[in-house]
Amino acid sequence: EVAGPADVADASAVLDEVGKRAAEWRADAEAIGMVGVSYGGGLALLGAAHDARVKCAASLSGWGNLTRALAGQAAPNQVWFDILMSTSILVGRPDPQIHAMWESLVSAVVDPAANVDPLLAWAEERSPEAFAAKMCGRRLPVLVSNNAQDELFVSDAALMLRQTLH
């Protein structure tokens, strides 16, 4: 589903389960944090933004703004798309929207008059940066860290997200 509403709902379902089994697992359901790497990093931030039960979040080599990750400086990132598709085929069920959004992005580069509004809306709801105000409003502690050699989610993206959070 590529970090959309269904994935965010899955994160909340995990928190529901932790709440139900907190005593059995010796977990403090009032002190839950989310952490993830790469795709999981983006999901950790989105889950934390949308569920107040999350008290802190950490994203390691994740993304802040999916539009910039997909097509920074109006240049579609074929490597990013190939990794996303390969991974989703290996470990999940690829969302059919992914191909449609990618084609929309590529066509916009070829034809500047192409309508990219659906792509931008799709990417916006999957961008933790879009929910920075919610996280800041809750004073949610957030750690964002990207490796300087990461060519998928570049370190500048972490800096831009951090600036949005403050």
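What counts, and where the lines are drawn
- Residues numbered from 1 in each chain as written.
- Predicted model: local features only at pLDDT ≥ 70, side-chain atom pairs only at ≥ 80, totals over all residues.
- Heavy atoms only, no water.
- Helix = DSSP H or I, 4+ residues; strand = E, 2+ residues; numbered from the N terminus.
- Buried < 20%, exposed > 50% of the residue type's maximum accessible area, 1.4 Å probe, protein only.
- Contact = heavy atoms within 4.5 Å.
- Areas by Shrake-Rupley, 256 points an atom, 1.4 Å probe, with all protein chains shown as cover.
- Patch = residues over 30% accessible without salt bridge, like charges linked within 9 Å, V, L, I, M, F, W, Y side chains within 5 Å.
- Salt bridge = Lys/Arg side-chain N within 4 Å of Asp/Glu carboxyl O.
- Pairing = 2+ DSSP bridges.
- Axes fitted to C-alpha atoms, helices over the stretch in contact; angles between N-to-C directions.
- Core = buried A, V, L, I, M, F, W, Y, C linked by side-chain atoms within 4.5 Å.
- Arc of directions from axis to C-beta.
- Polar contact = N/O pair within 3.5 Å; in protein donor to acceptor, adjacent residues only side chain to side chain.

Undergrad: Which residues make up the overall build of the chain, and what values do they have?
TA: Scanning the chain from N- to C-terminus turns up eight helices and three strands. The N-to-C order of helical and strand elements in the chain reads α-β-α-β-α-α-α-α-α-β-α. Buried positions account for 40% of the 166 residues belonging to the chain. Look at the contacts in the chain between residues 6 or more apart in sequence, and 61% of them connect residues 24 or more apart. Carbon and sulfur atoms make up 58% of the accessible area of the chain, which amounts to about 9200 Å² in all.

Undergrad: Describe a nonpolar patch on the surface, naming the residues involved and giving the relevant values.
TA: A contiguous nonpolar surface patch, about 360 Å² in accessible area, is contributed by Val35, Val37, Leu60 and Leu143. With respect to the element layout, valine 35 can be found in strand E1 (residues 32-37).

Undergrad: Explain the sheet that holds strand E3 (residues 142-145) to me, and be specific about the residues and the numbers.
TA: In a beta sheet, neighbouring strands are held together by backbone hydrogen bonds and run either parallel or antiparallel to one another. On the basis of which strands lie adjacent, the open sheet formed by three strands has the order E1-E2-E3 and parallel pairing. At either end of the open sheet lies a strand with only one pairing partner, and these are E1 and E3. Averaged over all pairs of adjacent strands, the angle between their axes in this sheet comes to 10°, without regard to strand direction.

Undergrad: How would you explain the environment of asparagine 147 if you had to name every residue and give the values?
TA: Mapped onto the fold, asparagine 147 is located in the loop between E3 and helix H8 (155-164). A C-alpha to C-alpha distance of 9.3 Å links asparagine 147 and alanine 158, two positions eleven residues apart in sequence. Dropping the residues within four chain positions of it, asparagine 147 is found in contact with Ser61 and Ser155.

Undergrad: Outline the nonpolar core, supporting the account with residue identities and numerical values.
TA: Leu66, Leu70, Trp80 and Trp122 are the most contacted members of the largest nonpolar core, which totals 38 residues. If you tally residues by element for this core, the top one is helix H2 (residues 39-50), at five residues. Look past the residues within four positions of tryptophan 122 in its chain and what remains in contact with it is Val2, Leu66, Leu70, Gln97 and Met101.

Undergrad: Account for H8, with residues named and values stated.
TA: Taken together, the buried positions of H8 are Ala157, Ala158 and Leu161. Along the axis of H8, the buried positions cluster into a sector of 100°, meaning they face one direction only. Contacts made by the buried residues of H8 are with H2 and E3.

Undergrad: Hey, could you go over the side chain of serine 127 for me, with residue numbers and the actual values?
TA: Note that serine 127 resides in the loop between helix H6 (117-124) and helix H7 (132-137). A distance of 2.7 Å separates a polar atom in the side chain of serine 127 from the backbone oxygen of alanine 123. Leave out the neighbours within four places in its chain, and serine 127 touches Leu46, Trp63, Gly64, Asn65, Leu66 and Thr67.

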